[in-house]
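# Close look at the chain arrangement
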Amino acid sequence: MTTTASDIKKVAKEENVRFLRLMFTDILGTIKNVEVPISQLDKVLENKLMFDGSSIEGFVRIEESDMYLYPDLDTWMIFPWESEHGKVARLICDIYNPDGTPFSGDPRGALKRALSHMEEMGFQAFNLGPEPEFFLFKLDEAGEITTKLNDQGGYFDFAPTDLGENCRRDIVLELEKLGFEVEASHHEVAPGQHEIDFKYANAIDACDNIQTFKLVVKTIARKHGLHATFMPKPLFGINGSGMHCNMSLFKDENNAFFDEKDSMQLSQTAYHFLSGLLQHARAFTAICNPTVNSYKRLVPGYEAPVYVAWSGRNRSPLIRVPESRGLSTRLELRSVDPSANPYLALATLLEAGLDGIKQKVQPPKAVNQNIYTMTEEKRHELEIYDLPSTLHNAIKELRKDTVIKNALGEHIYKAFIEAKRIEWAAFRQTVSEWEREQYLELY
């Protein structure tokens, strides 16, 4: 159901909304917001609210700083936690240039461009069901973040072992107040690690939901004296946090990945989309695993994928085909981590899959044995290749892939590459505690 400006004005008055948060996402995936009093509501709804784009990572230079926020009225939401000065509502915005054209550096806009390309190819919807994981760390008496986990629980544990249960339950309750349909909530494999899965949605709504989810998780964790982090690998020796992406294409309200006549009940469209994902995997890894820390998770032994392969049941490859069929037929990409900008990740994944459909590429055979135990020779024989092992290597792959670069657009691509060049240079020059432990006395 479409939300109108008059709907928003009516609800804002009835609910005593006093402030508006106009939210958007920068190129690195960080949620930004401009907060204005409710007196500015008319100006906001008329797309007349301006902000300084030069202060946002990867947006524009100082001499071209004026940008406009165009709110998506369907994202109107009143936050359930009370403010002492009245209620706070939010609208997620697209970024526009002063001349009224969409800003090419807006990540949400990049996903919209990919969706337009999808529609030109005859599909109506690209759905995403995300599975974001996070860790809960204790705060000290001064409210500073510690590296002490809130529990020593394990996969599907419950209280009293899972001390994060109350916090996780409160997060779920807050999400439900905001209209989320939460499908599962449980402790993950590592101590202090949690997962909350919510129902799939079309790509734009799903990415908006991911950003809202992160905000809710961090807000509620603070109220429990905890810090929630979506850092991919915060601690050595335990599993990192992923954000598995369950994807499907729809055409004429039918799942375009389903074909009951096929041995796996997958359509040619599904196989071609899968092939595109495999073909461009090394390049889109830079976007789906965008930090130096991301590659500490993508190592053997901790359940995260390391190899470019697919399977129906085996959980060691990059892409898995879950058992559900019919409208629920989907491909699960297991490499994505929650530090990724969801809009850019989905834009690149969609374009990768569409390229496979366009080229009518067939995937290699499914791999139904444990890849981690294979020899390197056996992997090459089965056309199984490694994902990039560092951010530096992933960026090199991105530079070579025209499809993924085009999915980002020139502005975002250049800004992303420059930001990651600086990040890698800073990391490369930093001397770690591990190096001192290994070499200080020895040499």
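Below is a short write-up of the structure. What you are looking at is a predicted structure, and each value in this text was computed from that prediction instead of being measured.

### Description of the state of the cysteines
A complete count under the given rule lists 0 disulfides for this structure. Unpaired in terms of disulfides, Cys93 finds its nearest cysteine sulfur in Cys207, a separation of 16 Å. By relative accessible area, Cys93 is classed as buried at 1%.

### Here's the deal with the nonpolar core
Core analysis: the largest hydrophobic core is formed by 96 residues, its most contacted members being Phe126, Leu249 and Leu398. Ranked by the residues each element gives to this core, the list is headed by helix α5 (residues 203-223), at 11 residues. Here Leu398 is in contact with Ala283, Ala286, Ile287, Ile404, Lys405, Leu408, Tyr413, Phe416 and Ile417, once residues within four sequence places are set aside. In this structure, Leu45, Phe51, Leu69 and Cys93 belong to the second largest nonpolar core, which totals 20 residues.

### Observations concerning the pairing of strand β4 (residues 66-71)
Only one face of β4 is covered, namely the one carrying Met67, Leu69 and Pro71; the face carrying Asp66, Tyr68 and Tyr70 has none of its residues buried. Relative to β4, strand β3 (residues 50-52) is paired through 3 bridges, and the arrangement is antiparallel. Bridged to Met50 within β4 is Tyr68. Pairing of β4 with strand β6 (residues 87-96) involves 4 bridges; the strand directions are antiparallel. Bridge pairing in β6 links Leu69 to Ile95.

### Quick notes on the pattern of salt bridges
Considering all chains together, one arrives at 19 salt bridges under this definition. When the shortest N-O distance is used, the salt bridge between Arg108 and Asp208 registers 2.8 Å. Of the two residues, Arg108 is situated in helix α3 (residues 107-120) and Asp208 in helix α5; the sequence distance between them amounts to 100 residues. Here Arg108 matches Asp208 in class, with each residue buried. Through salt bridges with shared partners, a single network forms among Asp72, Asp94, Arg108, Lys112 and Asp208.

### Things to note about a nonpolar patch on the surface
A surface patch of nonpolar side chains, about 550 Å² in accessible area, is lined by Trp434, Tyr439, Leu442 and Tyr443. One can find Tyr443 in the segment after α14 (433-439).

### Here's the deal with unusual backbone geometry
Positive phi is not limited to glycine here, since Asn16 has a value of about 55°. With respect to the helices and strands, Asn16 occurs in the loop between α1 (5-14) and β1 (17-25). The exposure class of Asn16 is partly exposed, given its relative accessible area of 45%. The phi torsion at Lys360 lies on the positive side, around 55°, for a residue other than glycine. Topologically, Lys360 is positioned in the loop between α9 (342-359) and α10 (376-381).

### Structural notes on the packing of helix α4 (residues 165-177) against α5
At a minimum axis distance of 9 Å, the contact between α4 and α5 shows a crossing angle of 135°. Classed by the angle they form, the pair α4 and α5 counts as oblique. Handedness of the crossing formed by α4 with α5: right-handed. Judged by residue contacts, Cys167, Asp170, Ile171, Glu174 and Leu175 of α4 engage Phe213, Val216, Val217, Ile220 and Ala221 from α5. By residue class, the composition of the contact of α4 with α5 is 8 nonpolar, no polar and 2 charged.

Criteria and cut-off values
Residues numbered from 1 in each chain as written. Predicted model: local features only at pLDDT ≥ 70, side-chain atom pairs only at ≥ 80, totals over all residues. Heavy atoms only, no water. Disulfide = S-S within 2.5 Å. Buried < 20%, exposed > 50% of the residue type's maximum accessible area, 1.4 Å probe, protein only. Core = buried A, V, L, I, M, F, W, Y, C linked by side-chain atoms within 4.5 Å. Helix = DSSP H or I, 4+ residues; strand = E, 2+ residues; numbered from the N terminus. Contact = heavy atoms within 4.5 Å. Pairing = 2+ DSSP bridges. Salt bridge = Lys/Arg side-chain N within 4 Å of Asp/Glu carboxyl O. Patch = residues over 30% accessible without salt bridge, like charges linked within 9 Å, V, L, I, M, F, W, Y side chains within 5 Å. Areas by Shrake-Rupley, 256 points an atom, 1.4 Å probe, with all protein chains shown as cover. Axes fitted to C-alpha atoms, helices over the stretch in contact; angles between N-to-C directions. Parallel < 35°, antiparallel > 145°, perpendicular 65-115°, else oblique. Left-handed = near helix turned anticlockwise from the far one by under 90°. Nonpolar A, V, L, I, M, F, W, Y, C, P; charged D, E, K, R; others polar.

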